[in-house]
Structures are given as C-alpha cells and as structure tokens.
Amino acid sequence: MKKLTAFIALAAVMALLTACGNSGGAAVDTDTAEQTQEETVFSSEAHITQSASEISVTSEVISEKSETTLLSEEPTSVSETLVNEPQIRVEWADEAVLTADHDVYDIFEPSEEQAKVVFTSDTAVNEFVILELTLTDCSDEGVMTFIAYPAASPDITPGKPLVIGFTFMGDIPGYGFQYEDADGNIRRFAIEISGEDGSLVVREASGEYYDFVLE
C-alpha cells in the first residue's frame, strides 16, 4: 500500500514538472516571437530610412545636374541676335551729320515741319526704295495694315550718309523703306518715333506688294 502511495506521488510530481516545462517552453517561444517581431520592425524602419536617404541624395544630384546644365548653356551669340537686323541704319540727322560729307535727296517739298533723317549702310544696298504708307485697317489686336507706295529710289553709298526730309504726323508711321537682301528677298520696314526717348526705330513688315502689315 505504501509503495502504491509513493508511486502515485512520484507520478504527480513528474506530471507537475512536465507542465512547468511546457509552460516555460511556451514562454520562451513567446519571447522569441516578440524579439523576432521587434527585429523585423527595426529592419523595416532602417530600410525606410535608407530609402529616404537615397531619394534625398538622388534629388540633390538631379538638382546639381540641372544647375550645371543651366550654367553650361551658352548665351545666344551677338551674330545670331543681329542676323535679322536691317542692313540700313535710320537715325535723326544731327549737326555732326549735316556738317560732314553726306548726300541729300529731296523727295517731298521742303517745309518747316520737316525733320532730317539720315540713312547709312556699311555695305552696298540693292533696290533701295523709300515708301509712303497709308493706313487702311487696324485690328483690335493692334495689327495695322497699310498700302505702301514707292516714293523714290535714291542710291546709298556705303559709309556715306544719305539725308532725306520727312514730315511725321502722329504715332502712326507714314514712311518706310525696302531693299533686297543678299538672298534676293525684299525686306520692308516702317519708320517710327519711339515713345520712350523720341529716337527713330524701324519695324519690319510682312505682306506682299502693296500690302504692308505691322503686327
């Protein structure tokens, strides 16, 4: 009887030890799972931080390349800017011009209202013609259409000023000129008075024959 009791007690102790062992194993497994989860979260945060750093560095590199590209772009050369400039210069004839050697061409009847204008060119000018302009239409966008009448065909000597008297009336151009360029194209310009400083400016026109359009 005593042996049976001792055996039962021993079995109870072993069962208790087995339960404790299983409980401890579960605890270890839980701790391991929590540690693994923490490591995964830490790894994800590190990856996100690294990716953000890489994106920041890439953006800086792109910005530096853009700035370098902008700085490396060469400005338009003077020759490219002036390629469409008229071959003939038009200015007010001042005292220095009028007292120096120059040519005079009288197209219109001299009057007190006339102003002297000087035309100069450094190269030979082909088919030079002075034009009289008559406004026929003006759009809401400011596009003006004229009829251009040939008034005279004086010669311009390279390097020698040509002085002609004009009577300017208001802001609408009443005179212009045309010539044939080196490519055989007829280029036409209106003569205007600048509203900023009163100097003479020329504006190229489009259109064909008598149709003279300033856009």
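Residues numbered from 1 in each chain as written. Predicted model: local features only at pLDDT ≥ 70, side-chain atom pairs only at ≥ 80, totals over all residues. Heavy atoms only, no water.

(A) Just the overall build of the protein, in detail. The secondary structure content of the protein amounts to three helices and ten strands. If you list the helices and strands of the protein from N to C, you get α-α-β-α-β-β-β-β-β-β-β-β-β. Across the 215 residues that make up the protein, the buried fraction comes to 24%. Summarising the internal contacts of the protein: among those between residues at least 6 apart in sequence, 64% fall at separations of at least 24. As presented, the protein carries roughly 15,200 Å² of accessible surface, and 55% of it is formed by carbon and sulfur atoms. (Helix = DSSP H or I, 4+ residues; strand = E, 2+ residues; numbered from the N terminus. Buried < 20%, exposed > 50% of the residue type's maximum accessible area, 1.4 Å probe, protein only. Contact = heavy atoms within 4.5 Å. Areas by Shrake-Rupley, 256 points an atom, 1.4 Å probe, with all protein chains shown as cover.)

(B) The arrangement of the sheet that holds strand β6 (residues 162–166) in detail. The strand order β1-β3-β6-β2 describes an open sheet built from four strands, whose pairing is mixed. At either end of the open sheet lies a strand with only one pairing partner, and these are β1 (89–92) and β2 (103–104). Note that β2 and β6 share two bridges and pair parallel. Among the inter-strand pairings, aspartate 103 is bridged to a residue of β6, identified as leucine 162. (Pairing = 2+ DSSP bridges.)

(C) Main features of the nonpolar core. Counting 18 residues, the largest nonpolar core has Ile88, Val90, Phe119, Phe128, Ile130, Phe166 and Phe177 as its most contacted members. Sorting the residues of this core by element identifies β3 (115–120), β4 (126–138), β6, β7 (175–180) and β8 (186–193) as the ones contributing at least two each. Leave out the neighbours within four places in its chain, and isoleucine 130 touches Ile107, Phe119, Tyr149, Pro150, Ala151, Ala152, Pro154, Ile164, Phe166, Gly176 and Phe177. With ten residues, the next largest nonpolar core counts Leu133, Phe146, Ala205 and Phe212 among its residues. (Core = buried A, V, L, I, M, F, W, Y, C linked by side-chain atoms within 4.5 Å.)

(D) Examining the sheet that holds β8 more closely. Across the sheet, which stays open at both edges, the six strands sit in the order β9-β8-β7-β4-β5-β10 with antiparallel pairing between neighbours. Of all strands in the sheet, those bounded by a partner on one side alone are β9 (200–204) and β10 (211–214). Each strand axis lies, on average, 40° off the axis of its neighbour in the sheet, ignoring direction. Two strands pair when backbone bridges link them, and β4 and β7 are joined in this way by five bridges, in the antiparallel orientation. (Axes fitted to C-alpha atoms, helices over the stretch in contact; angles between N-to-C directions.)

(E) Focus on the pairing of β7. Burial analysis of β7 places five of its six residues in the buried class, which makes it a mostly covered element. The sheet contact formed by β7 and β8 spans six bridges and is antiparallel. Pairing of glutamine 178 across the sheet is with arginine 188, part of β8. In this antiparallel pair of consecutive strands, β7 and β8, the connection spans five residues, and glycine 184 shows a positive phi of 85°.

(F) Region of the structure containing the environment of glutamate 192. Tracing the backbone through its elements, the reader meets glutamate 192 in strand β8. Relative accessible area serves as the criterion here: at 13%, glutamate 192 is assigned to the buried category. Leaving out residues up to four positions away in the same chain, glutamate 192 has contacts with Pro173, Ser199, Leu200, Val201 and Arg203. Of note is the side chain of glutamate 192, whose polar atom sits 2.9 Å from the side chain of arginine 203. (Polar contact = N/O pair within 3.5 Å; in protein donor to acceptor, adjacent residues only side chain to side chain.)

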